[in-house]
Amino acid sequence: MIRHFSQLLAITLFLISCSADEINETETELISDSYFFQKKIFNVNLYTCSVRNDKFSANHLITSDRLSQISLSEIVDDTEEIEGCSLESFKLKELTPNYSYLLNNSFLLEKSICTALKDEDLESNLEPYMSTLKREEIKVWTGITDINENNFLWVNVWQSEESRTEFMSYWLDTRKSGMLANDLRDIAYCQTPEVLMFLK
């Protein structure tokens, strides 16, 4: 009887310790997974000028030709009219918060006008893209605007032109790139991106 009781006690302690470990692992994964939580919305002001312009705010990043400037902020910035420049303002919903540090220095920006091909929640449909970035540790910050008449902006931010070129030359030769393209082609169609290098 004592032997059976000892065996039952040992099995019970084993099951309790296993269950506790499983619960802790699950909770840790859900809480620490900032790909799906703690996302921010950024207010973007993008100025495009017809001639070189030196009247840019010190807290904006500029292109080397001084024809464009950008600010990304969680707070709505005051906008000003700059002669010879057009202003495009929009809100970006962050998809990859792990790489928001890329916004703090000089960066390469890709901006595409896209057409949503599904009526459902766009962010949920983009989960294969976010999962691939996380799994492959691809260092790119991505944000999208809300859909307006089936159109939205898709923005990628890379650390530099070199980092983007290096990644793309490797990525396009992999089978994974084709699989991701297949996942995304039924979700949205995007035009060729406008690419700008912004300097701090």
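Residues numbered from 1 in each chain as written. Predicted model: local features only at pLDDT ≥ 70, side-chain atom pairs only at ≥ 80, totals over all residues. Heavy atoms only, no water.

(A) Broad picture of the overall build of the protein. On a plain count of helices and strands, the protein comes out with five helices and nine strands. Going from the N terminus to the C terminus, the protein shows its helices and strands as α-β-β-β-β-β-α-α-β-β-α-α-β-β. Residues counted as buried form 36% of the 200 residues belonging to the protein. Nonlocal contacts in the protein, meaning residues at least 24 apart in sequence, comprise 77% of its contacts between residues at least 6 apart. Of the accessible surface of the protein, which amounts to about 12800 Å², a share of 53% is contributed by carbon and sulfur atoms. (Helix = DSSP H or I, 4+ residues; strand = E, 2+ residues; numbered from the N terminus. Buried < 20%, exposed > 50% of the residue type's maximum accessible area, 1.4 Å probe, protein only. Contact = heavy atoms within 4.5 Å. Areas by Shrake-Rupley, 256 points an atom, 1.4 Å probe, with all protein chains shown as cover.)

(B) Structural context of the state of the cysteines. One pass over the structure, following the stated rule, counts two disulfides. A sulfur-sulfur separation of 1.9 Å characterises the disulfide bridge that pairs Cys49 with Cys85. Given an S-S torsion of about 95°, the disulfide between Cys49 and Cys85 has right-handed geometry. With Cys49 in strand 1 (residues 41-49) and Cys85 in strand 4 (residues 85-94), this pair connects stretches of sequence that are 36 residues apart. Cys49 gets classed as buried once you look at its relative accessible area, which sits at 8%. A relative accessible area of 18% places Cys85 in the buried class. Here Cys114 engages in a disulfide with Cys190; their sulfurs sit 2.0 Å apart. Judged by the torsion about the S-S bond (105°), the Cys114/Cys190 disulfide is right-handed. Pair noted here: Cys114 is in strand 5 (residues 107-116) and Cys190 is in strand 8 (residues 188-190), with a separation of 76 residues, a long-range link. (Disulfide = S-S within 2.5 Å.)

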